[in-house]
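# Analysis of the macromolecular model
The primary structure of each chain is shown beneath.
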Amino acid sequence: MRLSMRSDYGVRALTDLAMHHGQGPIQSADVARRMGIPPVYLDQVFSALRKAGLVRSTRGPQGGHELARGPDAITMSDIVIVLEGPLPILDCLEDAAACELTDTCSQRPVWGRVREAILTSLEEVSLAELALDMQEARERPAYSI
């Protein structure tokens, strides 16, 4: 299974908003620059996240984006599901009629457990944790020889 860059960009963008939580709206251009996301693509990602209620946006010169909830109340799972939909491991997991072997398939339950394990792992990681990890990584001294 491979997630799209849309999910990667979404998690990156919201991690940046989490790092600036409580500072008011953050402009897209600043998020894009800090997180290495193409600005046009970031606007599409923010649009989807806004429609899902994860981001609040304000128009105008002092406008920008901010988390709609606290960083501890948003998980990686919340973001990935908004941007990917139900995890696309196999069509038959969402629609049993997608495969004529669904009733007798020995793989389907295994793939279902794989999907649940992924979702559980993503649900265990909040934006607060990601923001803290990123902040700590940025503060670590870099050594080179």
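Residues numbered from 1 in each chain as written. Predicted model: local features only at pLDDT ≥ 70, side-chain atom pairs only at ≥ 80, totals over all residues. Heavy atoms only, no water.

## A short note on a nonpolar patch on the surface
A cluster of nonpolar side chains, namely Leu90, Val110, Trp111 and Val114, defines an oily patch on the protein surface of about 280 Å² accessible area. For Leu90, the position within the fold is in the loop between α4 (76–84) and α5 (91–94). Owing to a relative accessible area of 33%, Leu90 belongs among the partly exposed residues under this scheme. (Patch = residues over 30% accessible without salt bridge, like charges linked within 9 Å, V, L, I, M, F, W, Y side chains within 5 Å. Areas by Shrake-Rupley, 256 points an atom, 1.4 Å probe, with all protein chains shown as cover. Salt bridge = Lys/Arg side-chain N within 4 Å of Asp/Glu carboxyl O. Helix = DSSP H or I, 4+ residues; strand = E, 2+ residues; numbered from the N terminus. Buried < 20%, exposed > 50% of the residue type's maximum accessible area, 1.4 Å probe, protein only.)

## With respect to the pairing of strand β2 (residues 64–67)
With four bridges joining them, strand β1 (residues 55–58) and β2 adopt antiparallel strand pairing. Bridge pairing in β2 places Arg56 opposite Glu66. Taken together, β1 and the strand that follows it, β2, pair antiparallel across an intervening segment of five residues, in which Gly60 is found at a positive phi of about 105°. (Pairing = 2+ DSSP bridges.)

## Considerations on the pattern of salt bridges
For the structure shown, the criterion picks out five salt bridges. Among the ionic pairs, Asp30 bridges to Arg33, the shortest N-O distance being 3.2 Å. Linking Asp30 with Arg33, this pair stays in helix α2 (residues 28–35), spanning three residues, or about one helical turn. When its relative accessible area of 27% is taken as the criterion, Asp30 is described as partly exposed. Overall, the relative accessible area of 58% leaves Arg33 in the exposed class. Across the pair Asp78 and Arg69 runs a salt bridge, and its minimum N-O distance is 3.4 Å. The exposure class assigned to Asp78 is partly exposed, which follows from its relative accessible area of 26%. Judged by relative accessible area, which is 35%, Arg69 ranks as partly exposed.

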